[in-house]
Amino acid sequence: MSPYNSPPDLPAFRKLRGYAFDPSLSQTLATNRINNIVYKVAWEEFPEPLAGEYIEIVDYDPTVGRYYEALDLNSPLVLAQDGLDPSESDPRFHQQMVYAVTMTTIANFERALGRRILWASRLLDSRKKGTPYEEYVPRLRLYPHALREANAYYSPPKKAILFGYFSAAPANDTLIMPNSLVFSCLSHDIIAHEVTHAILDGMHRNYNEPTNPDVLAFHEAFSDIVALFQHFSFPEVLRHQIARTRGNLSSQNLLGQLAQEFGTAIGSYGSLRDFIGGWDLVLQKWVPHQPSSDEYRTVTEPHARGSILVAAVFDAFLHIYDTRVSDLLRIASGGSGVLPDGEIHPDLVNRLADEAAKAAKHVLTMCIRAVDYCPPIDITFGDYLRGLITADMELVADDRLDYRLAFIDAFRRRGIYPEGLRTLSVDSVRLPVRNIRLEPNRTGDDPMMALIDFLRDYAEQIKYRNDRAEIYRVTRSFITGSPEYETGLHARLGAKFSGSAMFSYITGLAFHGDYAQVGVTSAGQQAEQQPPSFEIQNLRLVNRVGPEGTLTNQVVFSLIQTSHLDPETLGPVARKTNYTAFKGGCTLIFDLDTLSLRYAISKPLIDQESAHTTGSLQLNEARLSAQRAYLGAESLQTENPLSQFFLVDGRTGGEPFALLHQH
Amino acid sequence: MPPSPITHCEVRMYRMGTGDCFALRFFAGEVLTFRMMIDCGTWQGSSEKLRKYVSDLKTYLDNHVDLLVVTHEHKDHVYGFEACQTLFGQDFTVSQTWMAWTEDETAPRASQWLKDFGDKKKALMLAGNQWNRMTAGRRGTDTRFSPFQLAARRHFAQALSGFTELQFAANENGEYVGMLKGMSIVRNQIANNKIRFCHPGEIIASFPAAPGIRFYVLGPPTSWEAVKTESGEDGESYSHNLAESDAFAAAVLAGDSPPANAAPFEERFLSDPNDTSHPFRKRYEQKNAEWRQIGDDWLNSAGSLALRVNSMTNNLSLALAIEFEESGRVMLFPGDAEYGSWRSWHGIDWAQPARSGDKHLTEDLLNRTVFYKVAHHLSHNGTARRLGLEMMNHPDLVAMATLDYNVISNGWKTTMPNREIVNELLRRTKGRLIVMNEDQLEVGDVPLSSRVAAAKERMTAAEQAAFDAAFAASELYFQFTVKG
């Protein structure tokens, strides 16, 4: 018997055919050939049909009360031909498409983040005694045929995506067959968009709470960005579109559009969203968008507002691409940079496509990593820009191709600025580096040092864990404490920092003084000094390698604190029956190499300046009044007729996306 | 000698509750020559309560109208005919009845459409019943839902009922029976099926008793594209398309045990309903995973179907401009037309040019409008901005709005009154905005009555005096005399 126990030779990938966009592009001669592609999905075993590590598909159609036949991905007939043929009429192919795109999107996230993704945990009903606070959700559930509506949405309470199908009602009978069924689960863009909603919810669950006009818009924009830049990872599509536009990606092309079939089927002249241009009804032709700051000031509907952010990111991408290919264009044109008329050489197409793919991958990676450097609540587009620049500067010292400037410039052209900046240079947009440094040899009473020691333990524990359930369990134990890891992070923060005006100043949260007076209740566990109540979210290790070998070794977590205020007086309320909730939050980034708290990204609950200078504790009036003005605005109520008529005070009962996505 | 032309018109708005009921008396000098009635509806109310209004109306019109106009089939425009059927049945005569061309069941273009639309209404009814069952009794306390979610579900069901009641009639079992009763009473009893179905672009000046009065038919549009559009300008680009609800309606109409062909796939892909070992079924029905089930969620689509049906019917309103030929002054009665209808008016191929300039006649008519019956009770969608209100720039403009918070569905309160529409109307009318009942109405946290009072201060003394002389009020109605 051999002493070696060789693992089975599992294939690296499972190849599955699918649409690059959606079925409508397979119906026109011009795009049919590029629309059928092969997705390469990391190999996984299926203990049950279509229930893998990350997702489970349930093809139940409640509109007819029937289950559809399940695809067997392990059947030789399926394996031998890279999955089923793309087909609108076979539900098993629908399952295949949903599976392939979802897994591709997850893989892109994990590659960018350098860690495994977790779905948002399920918060349990606190009304029942003895119920734990939350529960691990191993798999996102996907319902490919859940609704008969031009809609698809991620449901945070069900941790599920519900895809709809509906009858096409095109503006013009030649665009798409009227009354034909359109399945949202066959659209790469819609699947990627919804899965991104779910992943983002797993990273920042409070991004569902609209406390300013950017929050829900950011959710939409981020989901669109991921869907959009995934287009560039399909080489056939990319080469085709580069050839067609002669390398000019600022002209009309499929890469900059989302959901062609869906858009046409609900009566638009083209895709649901186009971030480069649009159909001009008067001129009867496609015209490029001109960026202006008016839109960011006036547009409030989340998708439309989100489109401003996506257009800014896409604009940055185009600049980066143009920079990367300018030499190629000069080489190909005898130095003039102006290409001769007619088709361009296939070699040039390939080289341009390589550059586009590379630029897109960089941009997508930057966009995803930025989320680690954002506040846990109340995000604005300006906060996101700062996150983008900061995340990139952490890892890439030499910005040779001016990526960062391309982003800042694209945001500036749309009037999107981070709050409270004096200048708009790259280094001022970067978040202020706190570097609250502590000497490595100091021990004992330094609370910050003890905290960092504890976080290093966490990093050690989590670094080599690959099982997501284990990652969840260990992380959870570090937060709440356990026999294994002794006192948890939550109790430690409470014990070490309650009473510290300095910590209040750093985090913008009420940790010292009479916090009850700003509506913060006490955590109420320890007898002597009651720490204030707060919540820890999203403890994670950020471990990355930059292009020049730079290493990032950071532990990140977010604190959230809720103040319960009397709706009239805005003073503290005694009982939590009728109150206005006002939240503050802070993302803390600890650098394990320099042993310092590197960034504190705060949406302050309190007035940080007065905590610092006089040590007094006051609510942050500026944020509070901005939030109240936003929530009281009439535009919120008149925007969506569905919400006006069918919701109680516009509250969605935990389903923020169900109505938002409806057409 | 030709008859002397009409000199003025008394417009009386009955205050029965949110909804339209107008009586118009046209005078040539001192002589009453022509009587007209537009709609008779309100959101709700018993026969006893509505009786006094209808009796007064009959007295006012001396039991006869030369022209009855029914703008569209919504309860708040026709319920009075149902509730006071007997009153309208006794010694009350109508010479002519007008409805929109889309009500003509014998016209080939309208009939197929009416059938399809009827199916949608039926589906809406069934979905509404389903929601009522889902939120009543034991299911109303389903522990899978939080208390807030349960309340939200009840609210949804109620909002849906609000829409269904507005659209069509049901029998005591809650089953769809078709046309609103008020509508059929007008057709069969009051009009004796002698109805003129009006098309946009028609200019009607055929009443000998109303010399110098011309009726311009503006809507409903002849293109369904326009009918479908609820709103569409900058920032109001929410449009509904009824055909998008086809698949949903089909599933609802198929009922609780739908045939296999109701599914979007061939039968060979469907599970056997008795097969409990189907992998998807096992996963879906797994114990302790009930929280992930989606059984009812698809029925939320009834909300968008309701909005679509509602907007569609509003856009089918017969919209009329009534012109005093000599002076060119115009009274505008658009029913509840929404954006799509307003927009279509500007594309009508009128057989007649504008009075002044080379603008389109519709714009010209709006420029000359001195009396505006506000469409759709001051809602955001009811009055087009650029293609409507902004063209009403006559210095004498007076507006009447049929909104009353004491008689209204709760769901409507969030959309009516729309602050911007009210502000713009107050500005253009200098406070001559006559609302059925100002009680409880607020605009941006300020009571509407104080806003109206403030706006009135912009009138000159002469304008104020003229307005006071032309305005009359009683518990039953508000009345304004429009000078010809």
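Residues numbered from 1 in each chain as written. Chains lettered and ligands numbered in written order. Predicted model: local features only at pLDDT ≥ 70, side-chain atom pairs only at ≥ 80, totals over all residues.

A short note on the overall build of chain A
In plain terms, the rule: Only DSSP runs of H or I covering at least 4 residues are called helices, and only runs of E covering at least 2 are called strands; the numbering of each starts at the N terminus. The quantity called the radius of gyration is restricted to C-alpha atoms. Its globule counterpart is 2.2 Å times the number of residues to the power 0.38. We call two residues in contact when the distance between their C-beta atoms, placed using the backbone, is within 7 Å.
The helix and strand inventory of chain A stands at 22 helices and 22 strands. A compact globule built from 663 residues would reach a C-alpha radius of gyration of about 26 Å, and chain A, at 26 Å, matches this within 12%. Its C-alpha atoms give chain A principal-axis dimensions of about 75 × 65 × 65 Å. The contacts in chain A between residues at least 6 apart in sequence include a share of 61% that link residues at least 24 apart.

Some remarks on the overall build of chain B
Condition: A residue is called partly exposed when the number of other C-beta atoms within 10 Å of its own lies between 12 and 20, exposed at 12 or fewer, and buried at 20 or more, with C-beta atoms placed from the backbone.
Within chain B one finds 15 helices and 19 strands. The C-alpha atoms of chain B give 24 Å as radius of gyration, which agrees with the globular expectation for 484 residues (23 Å, within 12%). Along the first, second and third principal axes, the C-alpha set of chain B runs to 90 × 50 × 50 Å. Taking all 484 residues of chain B together, 49% fall into the buried category.

Side note on the domain arrangement of chain A
Operational definition: Domains are outlined according to an automatic or database domain assignment.
Domain assignment breaks chain A into domain 1 (1–203), domain 2 (215–431), domain 3 (436–621) and domain 4 (633–663). Taken over C-alpha atoms, the centre of domain 2 of chain A sits 30 Å from the centre of domain 4 of chain A.

Considerations on the packing of helix H2 (residues 75–83) of chain B against helix H6 (residues 181–190) of chain B
Residues and elements named next belong to chain B. For the record, the criterion: Axis definition: a line fitted to C-alpha atoms, limited for helices to the stretch in contact. Angles are taken between N-to-C directions and run from 0 to 180 degrees. The scheme is simple: roughly parallel for angles under 35 degrees, roughly antiparallel for over 145, roughly perpendicular for 65 to 115, oblique for anything else. With the far helix as reference, a near helix turned anticlockwise by less than a right angle produces a left-handed crossing, and one turned clockwise produces a right-handed crossing. Asp, Glu, Lys and Arg are counted as charged, while Ala, Val, Leu, Ile, Met, Phe, Trp, Tyr, Cys and Pro are counted as nonpolar; the rest, among them Gly, fall into the polar class.
Between H2 and H6, the shortest axis-to-axis distance is 7 Å and the interhelical angle comes to 60°. By the angle class used here, H2 and H6 are oblique. In this structure, H2 meets H6 at a crossing whose hand is left-handed. In this structure, H2 uses Val78, Tyr79, Gly80, Phe81 and Glu82 to contact H6, whose residues at the interface are Lys181, Gly182, Met183, Ile185, Val186 and Ile190. Here the residues of the contact of H2 with H6 sort into seven nonpolar, two polar and two charged.

Some points on the pairing of strand E19 (residues 477–483) of chain B
All names here are of chain B. Our working rule: Each pair of strands is called paired provided DSSP finds at least two bridges between the two strands.
With seven bridges joining them, strand E1 (residues 8–14) and E19 adopt antiparallel strand pairing. Residue cysteine 9 lies in a different strand from E19, and its bridge partner there is valine 482. Where strand E18 (residues 471–473) meets E19, three bridges bridge the pair, whose relative direction is antiparallel. Paired with alanine 472 across the strands is glutamine 479, a residue of E19. Counted along the chain from E18 to the antiparallel partner E19, the turn is three residues long.

Quick word on the interface of chain A and chain B
By a frequent convention, interface size equals the accessible area lost on bringing the separate parts together. Of the residues lining the interface, 52 residues belong to chain A; the matching set on chain B comes to 47 residues. When residues of the side of chain A that touches chain B are traced back to their parent elements, those giving at least two are strand E4 (60–61), strand E5 (66–67), strand E8 (140–147), strand E10 (160–167), helix H20 (634–639) and helix H21 (641–646) of chain A. Class assignment for the residues of the side of chain A that touches chain B results in 28 nonpolar, 11 polar and 13 charged.

Some remarks on the confidence of the model for chain A
Residues and elements named next belong to chain A. Heads up, the rule is: pLDDT expresses, on a scale from 0 to 100, how confident the predictor is about each individual residue.
Per-residue confidence for chain A gives a mean pLDDT of 89; residues scoring 70 or more make up 93%. Between the elements of chain A, mean pLDDT differs from a low of 54, seen in H20, to a high of 98, seen in E8. Counting contacts from residues 439–443, a segment whose pLDDT is below 50, to residues more than four positions away or on other chains yields three contacts.

What about the environment of Val349(A)?
Examined against the element boundaries, Val349(A) turns out to sit in helix H10 (residues 346–370). Separated by 109 residues in sequence, Val349(A) and His240(A) have C-alpha atoms that sit 8.4 Å apart.

A word on unusual backbone geometry
Most peptide bonds take the trans configuration, and most residues that are not glycine carry a negative phi. Residues and elements named next belong to chain B. Between glycine 219 and proline 220 the backbone carries a cis peptide bond, its omega angle lying at 5°. Of note, proline 220 is situated in the loop between strand E10 (213–219) and helix H7 (224–228). Although it is not a glycine, asparagine 288 sits at a positive phi angle of roughly 70°. If you trace the backbone, asparagine 288 turns up in the loop between helix H9 (279–284) and helix H10 (301–315). By C-beta crowding, asparagine 288 is classed as exposed, having 6 other C-beta atoms within 10 Å.

Some words on the packing of helix H6 (residues 235–244) of chain A against H10(A)
Residues and elements named next belong to chain A. Look at H6 against H10: their axes get within 9 Å of each other, and the N-to-C directions meet at 120°. When the axes of H6 and H10 are compared, the pair comes out oblique. Remark: the crossing between H6 and H10 carries right-handed chirality. Here H6 contributes Pro235, Leu238, Arg239, Ile242 and Ala243 to the contact with H10, which in turn contributes Val349, Asn350, Leu352, Ala353, Ala356 and Ala357.

Here's the deal with the nonpolar core
This is how it is decided: Nonpolar core, as used here: buried Ala, Val, Leu, Ile, Met, Phe, Trp, Tyr and Cys residues forming one set through C-beta atoms within 7 Å.
The biggest cluster of nonpolar side chains holds 326 residues, and the ones touching the most others in it are Ile161(A), Val363(A) and Leu320(B). Sequence-distant contacts of Ile161(A), that is, excluding residues within four places in its chain, are made with Leu140(A), Leu142(A), Tyr143(A), Ala152(A), Tyr154(A), Glu194(A), Val195(A) and Ala198(A).

Looking at the domain arrangement of chain B
Residue and element names in this part refer to chain B. Parsing chain B into structural domains produces domain 1 (8–103 + 179–220 + 316–483) and domain 2 (109–167 + 235–309). Contacts between domain 1 and domain 2 engage seven residues on the former and six residues on the latter. The residue inventory of the side of domain 1 that touches domain 2, partitioned by class, reads one nonpolar, four polar and two charged.

Things to note about the sheet that holds strand E5 (residues 93–100) of chain B
Residue and element names in this part refer to chain B. Ordered in space as E8-E5-E4-E3-E2-E1-E19-E18, the eight strands form an open sheet in which the pairing is mixed. At either margin of the open sheet sits one strand with a lone partner, and together these are strand E8 (195–198) and E18. Neighbour-to-neighbour, the strand axes of this sheet turn through a mean angle of 20°, independent of strand direction. With four bridges connecting them, E5 and E8 associate as parallel partners. Paired with threonine 97 across the bridge in E8 is isoleucine 195.

Description of the confidence of the model for chain B
All names here are of chain B. Here chain B shows a mean pLDDT of 89. Residues at 70 or above account for 96%. Throughout residues 230–240 the model reports pLDDT below 50, and contacts reaching past four residues in sequence, or to other chains, amount to 27 contacts. With pTM at 0.90, the complex prediction returns an ipTM value of 0.90.

Some details on the sheet that holds strand E11 (residues 319–324) of chain B
Residues and elements named next belong to chain B. Strand order in the open sheet formed by seven strands is E9-E10-E11-E12-E13-E14-E15, with mixed pairing between adjacent strands. Looking at the sheet topology across the chains shown, the edges are occupied by strand E9 (203–204) and strand E15 (433–437). As judged from the three bridges shared by strand E13 (residues 369–373) and strand E14 (residues 398–404), these two strands associate in the parallel manner. Looking at the pairing, tyrosine 372 lines up with alanine 399 of E14.

What to know about the environment of Phe497(A)
Residue and element names in this part refer to chain A. Here phenylalanine 497 is to be found in helix H16 (residues 489–497). Phenylalanine 497 sits in the buried class, given 22 other C-beta atoms within 10 Å. Phenylalanine 497 sits 35 residues away from proline 532 along the chain, and the two C-alpha atoms are 9.9 Å apart. Excluding residues that lie within four positions of it along the chain, phenylalanine 497 makes contacts with Pro447, Phe503 and Phe511.

Quick word on the pairing of strand E14 (residues 277–280) of chain A
Side chains on a regular strand alternate between the two faces of the sheet. Residue and element names in this part refer to chain A. Here E14 pairs with strand E15 (residues 285–288) via four bridges, running antiparallel. Across the sheet, tryptophan 279 pairs through a bridge with tryptophan 286, a residue of E15. Counted along the chain from E14 to the antiparallel partner E15, the turn is four residues long, and its residue glutamine 284 has a positive phi close to 55°.

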